[in-house]
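Letter by letter, the chains look like this.
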Amino acid sequence: VRGAVVVNIDERELRRRFQTQDRHGEGEIIILGRDGTVLSHPNPAFFGDNQGGPSSLMELLADREPQGSFLAKLDGRELLVTHLRHPVMGWMFVRLTPADRVYGDLHHARNRTLQVIGGVIVVSVLLTLLTSYHLSAPVRRISRRARELSSLLPEGSSDDEGGGLLEVDETLGRLGNR
């Protein structure tokens, strides 16, 4: 005994279900039957067309794997064409997305990444300057103190005279008693 079950699915229902998966609403979804008949198309003029819609699209899909994607120019527009053939029914689901929409997302991600990198570099430079300032503070204090001490030494004294160390010791003692 052989039989067939026929289910009548409204094309608008098919379109509605697939359009909900289009997050930006800028792509077109085309469903082709096993023989290339247009089952669903954004342009109602192609609905039921047994040529598979625009001939240029069918030529592009003719020798393709059951699934995949490629860039193509259709009707003067550069499009990302993504296609998938249902293994049992043989239907071909085709999605056409404007290439500038795809590139726009990539350009946005690139620009955001460059902004983040620029911010990280600025923060890194500021942290480096702040850290080096704080780390060099003890050296600056020692240097300032050494200049103060050298200004307290009697003029003309030097270590070569032999009394220089004694004078420094006396000067330090006076500073300590202040």
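In the block above lies the structure referred to throughout.
Overview of the structure. (Residues numbered from 1 in each chain as written. Predicted model: local features only at pLDDT ≥ 70, side-chain atom pairs only at ≥ 80, totals over all residues. Heavy atoms only, no water.)

## Things to note about the side chain of His 83
Move 1: Of note, His 83 is situated in strand β4 (residues 77–85).
Move 2: In this structure His 83 comes out as buried when scored by relative accessible area, which is 4%.
Move 3: Residue contacts for His 83: discarding those within four places in its chain leaves Leu 61, Arg 64, Glu 65, Pro 66, Gln 67, Gly 68, Ser 69, Phe 70, Met 92, Phe 93 and Val 94. (Helix = DSSP H or I, 4+ residues; strand = E, 2+ residues; numbered from the N terminus. Buried < 20%, exposed > 50% of the residue type's maximum accessible area, 1.4 Å probe, protein only. Contact = heavy atoms within 4.5 Å.)

## Describing the nonpolar core
Move 1: Judged by nonpolar contacts, Ile 30, Leu 32, Val 38, Leu 61, Phe 70, Ala 72, Leu 74, Leu 79, Val 81, Met 92, Val 94 and Leu 96 together constitute the single largest core of twelve residues.
Move 2: Among the elements of the structure, β1 (28–32), β3 (67–74), β4 and β5 (92–98) are those that each provide at least two residues to this core. (Core = buried A, V, L, I, M, F, W, Y, C linked by side-chain atoms within 4.5 Å.)

## Topic: the pattern of salt bridges
Move 1: Applying the stated criterion to the full structure yields two salt bridges.
Move 2: Among the salt bridges present, the one from Glu 148 reaches Arg 145, with a minimum N-O distance of 3.1 Å. With Glu 148 and Arg 145 both in helix α3 (residues 99–152) and three residues apart, the pair spans about one turn of that helix.
Move 3: With relative accessibility at 36%, the residue Glu 148 sits in the partly exposed group.
Move 4: Using a relative accessible area of 43% as the deciding quantity, one classes Arg 145 as partly exposed. (Salt bridge = Lys/Arg side-chain N within 4 Å of Asp/Glu carboxyl O.)

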